[in-house]
Amino acid sequence: MKKYDRISTVFWFIVGGYCLSQGQGLHLGTLKEPGSGFLVFWAGAVLCLLAAMTFIGTFRRKEEGSESPWEGAQWQKPLLVLMVGVVYVLCFHWLGFLLSTFLLMLFLFKYAGVRRWTHVLFASLLSVSCSWFLFYVGLQVQFPQGFLEGIVIRLLGLSV
């Protein structure tokens, strides 16, 4: 297990170093007036620090077992969620925010193990409506309008 931890920390250290170099190439600015590379640079620094701490920690702890980290992994669930996420992205402009996000939340709540359909429907409707009111009405973010958004906007008398 230590071997896999060391390999992964070296990978993340390299990614952090890349972020450091790219952030430094952009304007860093100051803490009061950060530039475009400020966040990238400091995210890379934190990533390098965490990777180095984890790498050093692999030498301090004892070897638990020599089993593979992939042994017994169940790939079906994360793969299905990933595929549903891709379908969501592909249908987002066509169906619009409300319908596509409602269907996504419906699947995720049911797949997460919520047993009653009434709870799944209520949680999906609540999460979609709260996010829609927050972003569309409150922050005036323009979402792609499917056929359902036009109906909801006219029913509520909203025009943003």
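The shown structure was predicted, so the numbers you read here are calculated from the model rather than taken from an experiment.

### Regarding the overall build of the protein
Here is step 1 of the chain: Across its full length, the protein carries 6 helices and 0 strands.
Here is step 2 of the chain: When its helices and strands are written in sequence order, the protein yields α-α-α-α-α-α.
Here is step 3 of the chain: A burial count over the protein gives 22% of its 160 residues as buried.
Here is step 4 of the chain: Within the protein, contacts between residues separated by at least 24 positions form 53% of all contacts whose residues are at least 6 apart in sequence.
Here is step 5 of the chain: Total accessible area on the protein is roughly 11,700 Å²; 71% of this is exposed by carbon and sulfur atoms.

### Details of the packing of aromatic side chains
Centre-to-centre distance and the angle between the planes together describe a pair of aromatic rings.
Here is step 1 of the chain: One pass over the full model with this rule turns up 10 aromatic pairs.
Here is step 2 of the chain: Members of the aromatic cluster, joined through ring pairs, are Tyr-88, Phe-92, Phe-97, Phe-135 and Phe-143.
Here is step 3 of the chain: Stacked on the ring of Phe-59, the Lys or Arg Arg-6 has its end atom at 4.0 Å from the ring centre.

### Considering the packing of helix 4 (residues 97-111) against helix 5 (residues 117-138)
Axes are the key here: two packed helices are described by the angle between their axes and the distance separating the axes.
Here is step 1 of the chain: In the contact formed by helix 4 and helix 5, the axes pass within 9 Å of each other and the chain directions differ by 140°. As judged from the angle between their axes, helix 4 and helix 5 are oblique. Here helix 4 and helix 5 pass one another in a crossing that is right-handed. Every residue of helix 5 that contacts helix 4 at Phe-97, Leu-98, Thr-101, Phe-102, Met-105, Leu-106, Phe-109 and Lys-110 is listed here: Trp-117, Val-120, Leu-121, Ala-123, Ser-124, Leu-125, Ser-127, Val-128, Ser-131 and Trp-132.
Here is step 2 of the chain: Looking at side-chain class alone, the contact of helix 4 with helix 5 contains 13 nonpolar, 4 polar and 1 charged residues.

### Some words on the packing of helix 1 (residues 2-25) against helix 2 (residues 38-60)
Here is step 1 of the chain: As a packed pair, helix 1 and helix 2 sit with axes 7 Å apart at the nearest point and diverge in direction by 160°. The angle between helix 1 and helix 2 falls in the class roughly antiparallel. Seen from above, helix 1 lies across helix 2 with left-handed handedness.
Here is step 2 of the chain: Among the residues making up the contact of helix 1 with helix 2, the classes are represented as 15 nonpolar, 8 polar and 3 charged.

### Focus on unusual backbone geometry
Here is step 1 of the chain: A positive phi is found at Gln-140, a non-glycine position, where the angle reads about 55°.
Here is step 2 of the chain: Inspection of the secondary structure assignment puts Gln-140 in the loop between helix 5 and helix 6 (147-156).
Here is step 3 of the chain: Given the relative accessible area of 53%, Gln-140 is considered exposed.

### Brief notes about helix 3 (residues 76-95)
Here is step 1 of the chain: Here helix 3 contains 20 residues, and its C-alpha end-to-end distance of 27 Å stays within 8% of the 28 Å for a straight helix at 1.5 Å per residue.
Here is step 2 of the chain: Where helix 3 bends most, the angle comes to about 30°, and this point is Val-89.
Here is step 3 of the chain: Just past helix 3, the residue Gly-96 takes up positive phi, approximately 90°.

What counts and what doesn't
- Residues numbered from 1 in each chain as written.
- Predicted model: local features only at pLDDT ≥ 70, side-chain atom pairs only at ≥ 80, totals over all residues.
- Heavy atoms only, no water.
- Helix = DSSP H or I, 4+ residues; strand = E, 2+ residues; numbered from the N terminus.
- Buried < 20%, exposed > 50% of the residue type's maximum accessible area, 1.4 Å probe, protein only.
- Contact = heavy atoms within 4.5 Å.
- Areas by Shrake-Rupley, 256 points an atom, 1.4 Å probe, with all protein chains shown as cover.
- Phe/Tyr/Trp six-rings, centres within 6.5 Å; stacked < 30°, edge-to-face > 60°.
- Lys NZ or Arg CZ within 6 Å of the ring centre and 35° of its normal.
- Axes fitted to C-alpha atoms, helices over the stretch in contact; angles between N-to-C directions.
- Parallel < 35°, antiparallel > 145°, perpendicular 65-115°, else oblique.
- Left-handed = near helix turned anticlockwise from the far one by under 90°.
- Nonpolar A, V, L, I, M, F, W, Y, C, P; charged D, E, K, R; others polar.
- Expected span 1.5 Å × (residues − 1).
- Bend = angle between axes of the 7 residues up to and from the residue.

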